[in-house]
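Structural overview
Chain by chain, the residues run as shown.
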Amino acid sequence: MFSLPIYNTEGKEVDKINLDPRVFDGKINEDVLYLTVVNYRANQRGGLASTKTRGEVSGGGRKPWRQKGTGRARVGSIRSPLWKGGGVVFGPHNRDYSYSLGQKIRLSALKSSLNVKLKENNLFLINEIKIDKPKTKEVVKIFLNLKDKLGDINKFTLLLADKMDRSLKLASGNIALLETGLAKDANAYQVLRAKKVIITKDGLKQLIERFKK
């Protein structure tokens, strides 16, 4: 059974918790991690590349010259794909790249990603995170207090909280190397993308509840 210390915002260890072995069992399924990462990135694609066919290019309604008698090749429209400024043959068009994965696969990938961070010693627990004013320096102060525990704080960090109030959202928005989110909405891609993952005590409970459904 794995255990982790719980720190407060001042960087002091206030408690220790045994992690739920149903989630934190040390097992990593690389296959489902691959599937979910590819799925997440595909769902982020805009699919906005688009070209116009000869029927979509403006103009070209009139036949440029008569069919016979000019000595030139017959042409029906100046928007022919053979002409400069004409349409494109078999070019790309708007498309939707998104698709869905089953809930079991998504949860299995999330479980594996959490175990990856646990194995790397990049998973940390904090009692709670609460700031009184929506000031960036308030969040920076918390990370400076945790520096001895986190190590290099100049790494991309994911903070998963049990709730996200307006002050925390505004204060953390200006920190380039910090992403904040709700633990109940976390996905495997977010966890894998971050170098370090910090979860609040109640946020961890929300994460574990997702695996009990």
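The text that follows walks through the structure, step by step, so that each part is easy to find. (Residues numbered from 1 in each chain as written. Predicted model: local features only at pLDDT ≥ 70, side-chain atom pairs only at ≥ 80, totals over all residues. Heavy atoms only, no water.)

**Quick look at the pairing of strand β5 (residues 178-182)**
Consecutive side chains of a regular strand alternate in pointing toward one face of the sheet and then the other. To keep it simple, the criterion reads: Two strands form a pair only when DSSP identifies at least two bridges running between them. Only DSSP runs of H or I reaching four residues or more are called helices, and only runs of E reaching two or more are called strands; each is numbered from the N terminus. Handedness of a crossover is defined as follows: with both strands directed away from the viewer, a clockwise route from the first strand across the helix to the second makes it right-handed.
When strand β4 (residues 157-161) meets β5, the two strands line up parallel, connected through 5 bridges. Among the inter-strand pairings, Leu-160 is bridged to a residue of β5, identified as Gly-181. Regarding the hand of the β-α-β motif, the stretch spanning β4, helix α5 (residues 166-172) and β5 is right-handed.

**Topic: the side chain of Asn-122**
Our working rule: Burial status follows relative accessibility: with a 1.4 Å probe on protein chains alone, a residue under 20% of its type maximum counts as buried, one over 50% as exposed, and anything between as partly exposed. Pairs of N or O atoms within 3.5 Å make up the polar contacts considered here, provided that, within protein, one atom can donate a hydrogen while the other can accept it, and that residues adjacent in sequence are counted only when both atoms are side-chain atoms.
Its location among the elements puts Asn-122 in the loop between α2 (103-119) and β3 (123-126). Residue Asn-122 is classed as buried on the basis of its relative accessible area of 7%. A distance of 3.3 Å separates a polar atom in the side chain of Asn-122 from the backbone oxygen of Lys-195.

**Observations regarding the sheet that holds strand β6 (residues 196-200)**
Quick note on the threshold: Geometry is summarised by axes, namely lines fitted to C-alpha atoms with helices restricted to the contacting stretch, and by angles between N-to-C directions that run from 0 to 180 degrees.
Pairing within the open sheet is mixed, and its 6 strands lie in the order β2-β1-β3-β6-β4-β5. For this open sheet the edge positions go to β2 (13-18) and β5, each flanked by a neighbour on one side alone. Across the sheet, the mean angle from the axis of one strand to that of its neighbour is 25 degrees, orientation sign disregarded. Note: β4 against β6, 4 bridges, orientation parallel. Bridge assignment links Leu-160 to a residue of β6, and that residue is Ile-199.

**So, the environment of Leu-125**
Threshold: The contact definition used throughout considers only heavy atoms, calling two residues in contact when any of these lie within 4.5 Å.
Mapping Leu-125 onto the fold places it in strand β3. On a C-alpha basis, the gap between Leu-125 and Asp-202 in space is 9.8 Å, while along the polypeptide they are 77 residues apart. Excluding residues within four positions of it along the chain, Leu-125 makes contact with Leu-4, Pro-5, Ile-6, Tyr-7, Ile-17, Leu-19, Ile-199 and Leu-204.

**Section: the packing of helix α1 (residues 30-44) against α2**
Where we set the bar: For this classification, under 35 degrees means roughly parallel, over 145 means roughly antiparallel, 65 to 115 means roughly perpendicular, and everything else is oblique. Each helix crossing is assigned a hand: it is left-handed if the near helix lies turned anticlockwise from the far helix by less than a right angle, otherwise right-handed if that turn is clockwise.
One way to put it is that α1 packs onto α2 with a least axis distance of 8 Å and a crossing angle of 110 degrees. Between α1 and α2, the angle falls in the class roughly perpendicular. Relative to α2, the crossing made by α1 is left-handed. Counting all contacts with α1, which are made through Val-32, Leu-33 and Thr-36, the residues of α2 involved are Ile-105, Arg-106, Ser-108, Ala-109, Ser-112, Ser-113 and Val-116.

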